[in-house]
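Coordinate analysis (summary)
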Amino acid sequence: MAMSSCPPEIFSCSVCLEILCDPATLPCGHSYCLQCIQKHWDKAAKGVYSCPQCRQVFNPRPSLGRNNMLMEAMKKLSVREQDRPPSPVCSSMDPSPTVSTDSSSHFQQALPRGDGAQGTDEGGLYPQLPYSSPELCSLHHQLLELYCFDDKERVCDECSFLGHKGHRVVRPDEEKNEKQQELAQMKAMVQKCIHDRERIIQTLPQTFQAHKNAIQDLQRDSLGIYTEAMKCVESMNSHVTELLQNYESSYYNRIEDQRYRLQQEICQLYKQEEELNRMANTEDSIQFLNWFFSMAAAEQVGSAELQISQPEAEASRIRSAIGAFGEGLQVLFKGSLANIFRTVNDVAESAQTAQTSAASSVPGNPTVVSQKSAPASDKSDSKATGTALVTSTLHPPPPPANSVKESASFSVENPAPKTREEMLKFRFQPTLDHNSAYRHIRLSDGDRKATLRAENQNYPEHAERFLYWRQVICREPLAGSPYYWEVEWTGQKVTIGVAYKEMGRSTSDDSSRIGHNEHSWGLYWSGSAFSLWHAGKETALAAPKAHCIGIYLDQQAGVLAFYRVLHKEAHQICCVETEFSGPLFPSFRFWSAMGSTITLCQLD
């Protein structure tokens, strides 16, 4: 046949210069790979579709399909080409001449004795190797010596250049030999890891004994502390007695407030009763109907309810707190149970972090940078009053140039808790005091929410009421054990803090202003930055804005800390260390934005 003498280069694509794949013939008679000519026309100028060889232009773009007759001719040529040495074109296309020769010889050995095996040199250059039922490619009739990782199938040499071009195609035997070296290295690494762990297991009994001895030493030390703590029982008893007396006075104030409300309602009911009697005795039907409908449209007074919880429930909670205080009296006197609990947790967490890091061999995560500083201008005042300010921020932004102050470092360790979960053990639910609220502050939600209103709330006169500053404090005095509460606020500016009961109420100067006297501390958001105010002095803080603020107070340890609460996590804004001389009350100040709110959060 004439086709057997045709060189294979006549079946190559002039675009990719390789053997035609899915050949397509143009109207001018030239043939290309269907994919090659389509991509060539896609990149050409719009409306210009020409033949790459003769440059004949076609308009519109021809609709092409595979030339089946040419495809069959190429298949027959491929079969016949296996009976003779490869042509120069085929050799140039084969990336590995050795692989191509072996594939040809193996294929010749696999053919049955006949026409296909007449050219085989049994005693020639390529000796016959034993084989067992070689598997041939159904398309090219060649040995499936290669493996395509992308398609997960065995392929022949021709398939690797056509249907699997660009894929990861390897020879399994050669790839296995290369991976054997990596496997040996992995095996050596595993054996080393096993040896290291066995060595650590052998040292665990000695490590446990060392920890056991240390714990026994701590127990002996604690016994000595218990004997010293017994001397302070009478002092602690006086503190608790004073606290209960303050609670009694607070409860009395709530009773008086309830009595005042009920008397006002009784007066209103008497007036309503007189009106009803007058309406019942009238003889004029028109006047009766007018009175009746006007009375029906008026707001009716609801049923009376006692808005103060039963003393048994509150006494039960207090009794439970006193019982817990009695159980941990010795530890609380030497530094409070919270400090010991926090220290043990920190040690355990550090050990667990180190163990996890060593086991996973992963570098540790970056830790939060803690800044312990106070303004240099306030350093002398802090020493004079016995107060130290320790600030701690998370990713602090740089303060403005005009507000940068020199700071002095303190060596004292930050004594405030580090996690919200730890502080929630001391959660406390304060309530706002009606008798202290400024006349434009409206209380709602069970005295847990305060709103700045434009209209006067017409509160009765009271010695505890703020007359000039838009402020309100809570009823409950806080003394002794740690407390933690959270506040959500809205508006442009806000001051959140604590104050002694002795802080002024009726004056217009700084003696009644939260944070501007010796009797109060206030965290102030100015609309652009936080700052801490005490005794009329401001300390700038580098912390982002937060609409939920957590407050931690431990009077016995002398700690007052403010936190940003975000996504159930607390990040410290600042911490104050001082000696508190008496019970403190949560305090709040509104600014000029009407509709601003302050809400005491319910902590579950």
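Reference entry: report on the structure contained in this document. (Residues numbered from 1 in each chain as written. Predicted model: local features only at pLDDT ≥ 70, side-chain atom pairs only at ≥ 80, totals over all residues. Heavy atoms only, no water.)

Here we take up the sheet that holds strand β5 (residues 146–148). Spatially, β6-β5-β7 is the arrangement adopted by the 3 strands of the open sheet, whose pairing is antiparallel. Since the sheet does not close on itself, it has two edges, and those belong to β6 (153–155) and β7 (169–170), each with one partner. (Pairing = 2+ DSSP bridges. Helix = DSSP H or I, 4+ residues; strand = E, 2+ residues; numbered from the N terminus.)

Most of strand β19 (residues 548–554) is tucked away: 7 of the 7 residues are buried. Neither face of β19 is exposed, since C548, G550, Y552 and D554 on one face and I549, I551 and L553 on the opposite face are all buried. Looking at chain direction, strand β14 (residues 483–490) and β19 are connected through 6 bridges and run antiparallel. Residue pairing in the sheet places Y483 in a bridge with L553 of β19. The pairing of β19 with strand β20 (residues 559–566) spans 6 bridges and is classified as antiparallel. Looking at β20, one finds that G550 is bridged to Y563. (Buried < 20%, exposed > 50% of the residue type's maximum accessible area, 1.4 Å probe, protein only.)

What follows deals with the pairing of strand β11 (residues 441–444). Because side chains alternate across β11, one face comprises the buried residues I441 and L443, and the other comprises R442 and S444, none of which is buried. Bridge count for β11 against strand β12 (residues 449–452) is 4 bridges, and the pairing is antiparallel. Counterpart to R442 in the pairing with β12 is T451. Between β11 and β12, which follow one another and run antiparallel, lie 4 residues, and D445 among them has a positive phi close to 55°.

What follows concerns the nonpolar core. Counting residues in hydrophobic clusters, the biggest one holds 41 residues, and the most contacted among them are I441, W485, I549, L560 and F588. Leaving out residues up to four positions away in the same chain, I549 has contacts with W485, E486, V487, W489, I496, L523, F530, F562, Y563, V565 and I573. Ranked by size, the runner-up nonpolar core spans 17 residues in total, among them L20, C33, C51 and M74. (Core = buried A, V, L, I, M, F, W, Y, C linked by side-chain atoms within 4.5 Å. Contact = heavy atoms within 4.5 Å.)

Another point: the environment of T597. As for its placement among the helices and strands, T597 is situated in strand β23 (residues 597–600). T597 sits in the buried class, given a relative accessible area of 12%. Between the C-alpha atoms of T597 and T490, which are 107 residues apart in sequence, the distance is 5.3 Å. For T597, the contacting residues outside a window of four places in its chain are K449, A450, T451, E488, W489, T490 and F590. A distance of 2.6 Å separates the side chain of T597 from the side chain of T490, its partner in a polar contact. (Polar contact = N/O pair within 3.5 Å; in protein donor to acceptor, adjacent residues only side chain to side chain.)

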